[in-house]
Amino acid sequence: MAAKIFILILLIFQLLLLILAAIACFITTILGILFIISEMYSSLHDAPFIPSFKKAKDKMIEFSEIKPGEKVVDLGCGDGRLVFAASDKGANAIGVEITIFVYWYAKILQFVFKKKGKLIRGNLYDHDIRDADVLFCYLMPRQLNKIDKKFKEECKKGCRIICNSFKLPGWEIEKSYDTNPSKRRGTIYKYIV
Ligand SMILES: C[S@@+](CC[C@H](N)C(=O)[O-])C[C@H]1O[C@@H](n2cnc3c(N)ncnc32)[C@H](O)[C@@H]1O
């Protein structure tokens, strides 16, 4: 009798393990599909979701010289890492992100790590940047070409623009720093309007 109960418990345990493995496979597949869709969606909007790596992020924050209460906007904020870092410096930080899955990923990270900052789902070209003190952008050259006119029309005098990897075409560089000398990307550029 005891042996039968033991075998039954063992079977139930194996069944539970099998169900858990099936659920894990299902969730991984769904997340994989969502990731691929989100990458395709971001690429359609010119810039894929490639977060600034730590050295680059730290240099961007250093170059921005944020003072508490200043308005900081990350145009295409990805997982929100620059928004959270700027908020930690006391900024009134906003991130604009177009890709829904990336936006929700940032929202979840914000909730889990109890980070401050406002995350907005939207198109960066429609976002009003008139009162921004600092703008972050890690965008592709064709996007920087497109946004150039908006910067010239909307940015207030003294606004600091910090770009990761790609230069603002025709703008005078205030200072730059290569955070990744062995690779093509990772140079941080600072501009002052
Ligand atoms: C290279 S990632 C940079 C993410 C973040 N700024 C960082 O430095 O870690 C560019 C982000 O911009 C977003 N993006 C691309 N085009 C956009 C648009 N038109 N409006 C808002 N976000 C956009 C992409 O979905 C992606 O998450």
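Parameters at a glance
Residues numbered from 1 in each chain as written. Predicted model: local features only at pLDDT ≥ 70, side-chain atom pairs only at ≥ 80, totals over all residues. Helix = DSSP H or I, 4+ residues; strand = E, 2+ residues; numbered from the N terminus. Expected span 1.5 Å × (residues − 1). Core = buried A, V, L, I, M, F, W, Y, C linked by C-beta atoms within 7 Å. Buried ≥ 20, exposed ≤ 12 C-beta atoms within 10 Å, placed from the backbone. Contact = placed C-beta atoms within 7 Å. Pairing = 2+ DSSP bridges. Right-handed = clockwise from strand over helix to strand, strands pointing away.

What to know about helix α4 (residues 100-112)
In step 1: Its 13 residues give α4 an end-to-end C-alpha distance of 18 Å, which sits within 8% of 18 Å, the value for a rise of 1.5 Å per residue.
In step 2: One or two positions beyond α4, positive phi appears at K114, with a value near 50°.

Overview of the nonpolar core
In step 1: Ranked by size, the top nonpolar core spans 40 residues in total, and within it A86 and L135 carry the most contacts.
In step 2: A per-element tally of this core places helix α3 (residues 81-88) first, with five residues.
In step 3: Setting aside chain neighbours within four positions, we find A86 in contact with I61, I66, V72, A91, A93 and G117.

Things to note about the pairing of strand β5 (residues 160-164)
In step 1: Among the five residues in β5, five count as buried, and that is most of the element.
In step 2: Residues R160, I162 and N164 of β5 are buried on one face, and the alternating residues I161 and C163, pointing to the opposite face, are buried as well.
In step 3: As paired elements, strand β4 (residues 134-137) and β5 share four bridges and run parallel to each other. Each bridged residue has a counterpart across the sheet, and for F136 the counterpart in β5 is I162.
In step 4: With helix α5 (residues 141-154) bridging β4 and its parallel neighbour β5, the resulting β-α-β unit is right-handed.
In step 5: For β5 and strand β7 (residues 187-192), the ladder comprises five bridges, and the chain directions are antiparallel. Following the sheet pairing, N164 is matched in β7 by I188.

Quick word on unusual backbone geometry
In step 1: For E65, which is not glycine, the phi torsion reads 45° and is therefore positive.
In step 2: Examined against the element boundaries, E65 turns out to sit in the loop between α2 (54-64) and β1 (71-75).
In step 3: Taking the number of C-beta atoms within 10 Å as the measure of exposure, E65 has 13 and is therefore partly exposed.
In step 4: Positive phi outside glycine occurs at K114, with the angle close to 50°.
In step 5: Counting through the fold element by element, K114 comes out in the loop between α4 and β3 (118-121).

Remember, this is a structural readout, not a statement about activity or role.
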